[in-house]
Amino acid sequence: MWKMELYFCITKDSYFIRNDIFVIFKSSFGVIIKMCGNSKESLMQQIKILDSLLLEKDFTKLKYYGHYLDERRNKVVIMLGDTSTSNIASFRKSVIDSPNFIFEKSEEMFFE
């Protein structure tokens, strides 16, 4: 048997918001509500800026392999082949810096 969870990330917390969610789903069982500092819209805007900057230059020396929105952590994940402090600092300096970015070790993807 698997456990079903509904996950909500809200930027404003109030009794009314929480109550509305519980009323809609007729229960608080399996509903996870977390306060988040950023809205999905603001993170998606940062992704659009990141996309446009990455198209301007070649960043292969940084071993950049992609990025995605991690809604659970409320962050943009940057995938790098080299997650050393110096490479992350280079990425932040030469591409874009944001406190909403987290960096994960990755490998280059090949599609056939």
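Above: the structure in question.
Residues numbered from 1 in each chain as written. Predicted model: local features only at pLDDT ≥ 70, side-chain atom pairs only at ≥ 80, totals over all residues. Heavy atoms only, no water.

Bringing the sheet that holds strand β5 (residues 101-105) into the picture now. The 3 strands lie next to each other as β3-β4-β5, forming an open sheet whose pairing is mixed. The strands lining the two open edges of the sheet, one partner per strand, are β3 (64-70) and β5. If you compare each strand with its neighbour and ignore which way they point, the axes differ by 25 degrees on average. Relative to β5, strand β4 (residues 75-80) runs parallel, the two being bridged by 5 bridges. Within β5, the position partnered with Val 76 by the bridge is Phe 101. Sitting on the sheet, helix α2 (residues 40-56) is in contact with β3, β4 and β5, with an inclination near 165 degrees to β3. (Pairing = 2+ DSSP bridges. Helix = DSSP H or I, 4+ residues; strand = E, 2+ residues; numbered from the N terminus. Axes fitted to C-alpha atoms, helices over the stretch in contact; angles between N-to-C directions. Contact = heavy atoms within 4.5 Å.)

Now for the pattern of salt bridges. For the structure on display, the rule yields 4 salt bridges. For Glu 71, the salt bridge identified is with Lys 40, shortest N-O distance 3.3 Å. Of this pair, Glu 71 sits in the loop between β3 and β4 while Lys 40 sits in helix α2, and the two are 31 residues apart along the sequence. A residue is classified by how much of its surface remains accessible, and Lys 40, at 48% relative accessible area, is partly exposed. Between Asp 70 and Arg 73 there is a salt bridge, with its nearest N and O atoms 2.7 Å apart. Put simply, Asp 70, Arg 73 and Glu 104 are held in one network by salt bridges that share partners. (Salt bridge = Lys/Arg side-chain N within 4 Å of Asp/Glu carboxyl O. Buried < 20%, exposed > 50% of the residue type's maximum accessible area, 1.4 Å probe, protein only.)

On their own, these measurements won't tell you what the molecule is for.
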